[in-house]
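Chain and residue survey
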Amino acid sequence: MNNREITQRFADVADMLAIRGDNIHRVLAYRRAAEAIENLGRDVNQVYAEGSLTDIPGIGETLAEKIEEMLTTGSLAFYDRLAQEIPPSLVDLLKVEGLGPKRVKQVYDVLGVTTLADLSAAAQEGKLRDLPGMGAKSEEKLLKAIAALARHGDDRVPLGNAWPLAQEILAVLAKIPGVTQTAVAGSLRRMKESIGDIDLLVAADEAAVVMDTFVHLPQVESISGHGPTKSSVTLFNGLQVDLRVLPAERWGTLLCYFTGSKSHNVHLREMALKRGLSLNEHAFTPVDGGPEILCATEEAVYQVLDLPYIIPTLREDRGEIEAAQAGRLPDVIRTEQIISDLHMHSTWSDGNATILEMAKAAQARGLRYIVITDHSVSLGIANGLSIERLHQQAADIRQANDALGPDFRILHGTEMEIRADGSLDYPDEVLAGLDFVIAALHVSLSQPRAQVTERLLNALNNPHVDMIAHPSGRLLPDRAGADADWDVVLETAVATHTILEINANPRRLDLRDSLARRAVELGATLAINCDAHHTEHFDFLHYGVATAQRAWVTPDAVVNTWPLEKLLAFLSK
Ligand code: DGT
Ligand code: CA
Ligand code: CA
């Protein structure tokens, strides 16, 4: 079994245990294990071979044994036994908005419902309304939710789709009189690569008018909840948005609670309890009585726990709280530290703007140098450059450099195909004449692991190749990208001084956060580039920086923070 299969199996076990009504800590342990394997930057088979499964955060002896069983036998006896009691298809029912594990158990026990289709039929036949705690109204709501699920699927939405929508909605809410603060929360504020639902927060003394405006926004398809402090809607694109309104003096605890992650919050609450305080979205409350401690800012929340402020992109309970306690919180990269972009396209290949237009747009955003890296000859669909056109392009770059003067510099590069057979698209003597050489995979991504790995190694070992762009080639949400032996690839990149890209295009975010963190641990040098095909694509930068933050990347490891001279010296090594 591979990482994905083990992740899925653990997630299913967690859901099945929850449906069975098992101890919550047991459920959480499996959920945490699923997350740990999902976020593992390397092949779980290899970790097992090294005997270091229990070094994975969240994996103790018991779970390590279960992983071992799956890796060596391809199945899990515990899961099979559980499946006798709780049909695995019940897990799908949890995707229905408003249906929790208790209710799923009930419809299974009482009505024999095991699938979504069963549930839909039972609701249509009016069999649900007579269950304890249900009624005709909740039955109708459930039918709607099942229909919504069928329409939109349960797919998480890529970060890049959710972010602009959330900003649009917040901008409207911020203009309502009496509103003093607005923020995104949840996974969107933590900038996870995919978003389950959008969480929005507003500070205002009068909630009613905010809620009214919110549920009647033109983007809203249906209203699933409209209460005094919380409302939920579904947008036409299927995204659910939750909004909560609270008074400003409780803003800090509110924002912290709903930013999550859940595991980060659980950890904070445990720390609070050790101090005799219970912590929720409203306040800290002394366990043995006494007045609440209100926090108007998140800084104040962390201060009560004697912690420095932890930025949202780090809040995954992947060691950030321990690091904060020890005063070793990484000083992660920030957008304003970036002064270059090393990967972009122009009208010479499949870009929409001329070299000069791209350069001016980059300069207007505060960058000091860029590399033009149009596609190479074999990528015909992207109008890849023949060797002849590549040589002609040099003159265009010289002219643009002359036009811009000494404060800005355009380098001449390429985004060169690594062909399906592993060979490179330009001969060495052509590469030697360029300032910067990117190698990248775009075709035959589904080759077997050994073959894809070999292609990447071939590029890494070429002395002219300076960077590997979007190493896995994945496209969110559906295309998983190449399955390479990442540890070998990352180690070879370090050994050959080859830069690895975190591609900031929100459909890529590649290297993904977990692999980027592994890369940095191994000593890799990274770049964060927008892969702009249009001047507006430079706005992608913050997605790439957030991904780097989630990987604990510090500015020194990112070449885009370096002055040009430092980069050139690195490249000549
Ligand atoms: P998502 O929507 O699946 O991408 O992920 P999140 O993290 O946005 O999760 P969501 O929308 O269910 O809840 C938003 C935040 O609210 C979450 O990050 C932490 C907080 N939260 C929600 N439910 C709980 C809970 O039961 N316990 C704790 N401690 N926090 C919760
Ligand atoms: Ca959410
Ligand atoms: Ca939510």
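Rules used in this analysis
Residues numbered from 1 in each chain as written. Chains lettered and ligands numbered in written order. Predicted model: local features only at pLDDT ≥ 70, side-chain atom pairs only at ≥ 80, totals over all residues. Heavy atoms only, no water. Salt bridge = Lys/Arg side-chain N within 4 Å of Asp/Glu carboxyl O. Helix = DSSP H or I, 4+ residues; strand = E, 2+ residues; numbered from the N terminus. Buried < 20%, exposed > 50% of the residue type's maximum accessible area, 1.4 Å probe, protein only. Axes fitted to C-alpha atoms, helices over the stretch in contact; angles between N-to-C directions. Parallel < 35°, antiparallel > 145°, perpendicular 65-115°, else oblique. Contact = heavy atoms within 4.5 Å. Near = heavy atom within 4 Å. Polar contact = N/O pair within 3.5 Å; in protein donor to acceptor, adjacent residues only side chain to side chain. Areas by Shrake-Rupley, 256 points an atom, 1.4 Å probe, with all protein chains shown as cover. Expected span 1.5 Å × (residues − 1). Core = buried A, V, L, I, M, F, W, Y, C linked by side-chain atoms within 4.5 Å. Domains from an automatic or database assignment. Buried area = accessible area lost by both parts, 1.4 Å probe. Nonpolar A, V, L, I, M, F, W, Y, C, P; charged D, E, K, R; others polar. Pairing = 2+ DSSP bridges. Right-handed = clockwise from strand over helix to strand, strands pointing away. Donors = N, O, S within 2.8 Å, 3.2 Å for Na, K, Ca; no water. Phe/Tyr/Trp six-rings, centres within 6.5 Å; stacked < 30°, edge-to-face > 60°. Lys NZ or Arg CZ within 6 Å of the ring centre and 35° of its normal.

**Notes on the pattern of salt bridges**
Using the criterion set out here, one finds 26 salt bridges in the structure. In this structure, the salt-bridge partner of Glu-125 is Lys-127, at a minimum N-O distance of 2.9 Å. The residue Glu-193 makes a salt bridge to Arg-474 at a minimum N-O spacing of 2.8 Å. Taken together, the residues Glu-193 in the loop between helix H10 (186-189) and strand E3 (194-195) and Arg-474 in the loop between strand E14 (467-468) and helix H20 (486-495) connect sequence positions 281 residues apart. Residue classification places Arg-474 among the buried positions, given a relative accessible area of 7%. The network of salt bridges with shared partners includes Arg-190, Glu-316, Arg-318, Asp-513 and Arg-550.

**Some details on the packing of helix H19 (residues 449-460) against H20**
Across the interface, H19 lies against H20 with an axial gap of 10 Å and an inter-helix angle of 0 degrees. With respect to H20, the element H19 is oriented roughly parallel. Seen from H19, the contacting residues are Thr-453, Leu-456, Leu-457 and Leu-460; seen from H20, they are Trp-486, Val-488, Val-489, Thr-492 and Ala-493.

**Thoughts on the site of ligand 1**
Around ligand 1 there are 16 residues in total, and Arg-156, Ser-187, Gly-196, Asp-197 and Arg-269 lie nearest to it. Taking Ser-187, its side chain carries an N or O atom lying 2.5 Å from an oxygen atom of ligand 1. Protein chains shield 74% of the accessible area of ligand 1, which is 590 Å² for the free molecule. Counting residues per element, the ones that place at least two in the shell around ligand 1 are H10, helix H12 (251-259) and helix H13 (262-274).

**Examining H19**
In this model H19 runs 16 Å from its N-terminal to its C-terminal C-alpha over twelve residues, within 8% of the 16 Å that 1.5 Å per residue would give. Listed as buried for H19 are Val-452, Thr-453, Arg-455, Leu-456, Leu-457, Ala-459 and Leu-460. Buried residues belonging to H19 abut strand E13 (436-440), E14 and H20.

**Examining the nonpolar core**
In this structure, Leu-200, Phe-214, Ile-410 and Ile-528 are the most contacted members of the largest nonpolar core, which totals 98 residues. No other element matches helix H9 (residues 159-174), which puts seven residues into this core. Viewed by domain, this core spans two of them, domain 2 (157-246) and domain 4 (335-572), each represented by three or more residues. The residues contacting Phe-214, other than those within four sequence positions of it, are Ile-169, Leu-173, Leu-200, Val-220, Ser-231, Val-233, Val-241 and Leu-243. Grouped together as the second largest cluster of nonpolar side chains are 48 residues, Ala-34, Leu-40, Ile-56 and Leu-142 included.

**What to know about the domain arrangement of the protein chain**
Along its sequence, the protein chain is organised into domain 1 (3-152), domain 2 (157-246), domain 3 (254-325) and domain 4 (335-572). Spacing between the C-alpha centres of domain 1 and domain 2 amounts to 28 Å. The interface is formed by four residues belonging to domain 1 together with six residues belonging to domain 2. For the pairing of domain 1 and domain 2, the buried interface totals around 360 Å² over both sides, and the portion due to carbon and sulfur atoms is 39%. Taken together, the links from domain 1 to domain 2 amount to zero salt bridges. There are zero residue pairs in polar contact (both at pLDDT 80 or more) connecting domain 1 and domain 2. Of the residues assigned to the side of domain 1 that touches domain 2, the class counts are no nonpolar, one polar and three charged.

**Side note on the pairing of strand E12 (residues 409-417)**
Of all the nine residues making up E12, eight are buried; the element is thus mostly covered by neighbouring parts of the structure. Judged from the seven bridges that link them, strand E11 (residues 369-375) and E12 form a sheet pairing that is parallel. If you follow Ile-372 over to E12, its bridge partner there is His-412. In this fold, E11 hands off to helix H17 (residues 387-404), which returns the chain to E12; that crossover is right-handed. Where E12 and E13 come together, five bridges link them in parallel fashion. Paired with Glu-417 across the strands is Ala-440, a residue of E13.

**Brief notes about the coordination of the calcium ion (ligand 3)**
Here the calcium ion (ligand 3) is held by the protein donor atoms Asp-197 (OD), Asp-197 (OD), Asp-199 (OD) and Asp-242 (OD), which lie 2.3 to 2.8 Å from it. Binding-site remark: the calcium ion (ligand 3) is held by donors from one chain whose sequence spacing is D-x1-D-x42-D. The distance between the calcium ion (ligand 3) and the calcium ion (ligand 2) is 3.8 Å, with Asp-197 acting as a donor to both metals. Exposure remark for Asp-199: the relative accessible area of 11% places this residue in the buried category.

**Comments concerning the side chain of Arg-189**
Mapping Arg-189 onto the fold places it in helix H10. One polar contact links Arg-189 to Thr-259, side chain to side chain, over a distance of 2.8 Å. The residues touching Arg-189, leaving out its near neighbours within four places in the chain, are Val-184, Leu-255, Thr-259, Glu-298, Tyr-309, Pro-312, Thr-313 and Arg-315.

**Considerations on the packing of aromatic side chains**
Evaluated as defined, the whole model comprises six aromatic pairs. Plain terms: the ring middles of Tyr-30 and Phe-78 are 5.9 Å apart, the flat faces sit at 20 degrees to each other, and that makes the pair stacked. Taken together, the positions of Tyr-30 in helix H2 (residues 24-38) and Phe-78 in helix H5 (residues 77-85) put the pair 48 residues apart, joining distant regions of the chain. Each member of the pair, Tyr-30 together with Phe-78, is buried. Just above the ring of Phe-78 sits the side chain of Lys-66; from NZ or CZ to the centre is 5.1 Å.

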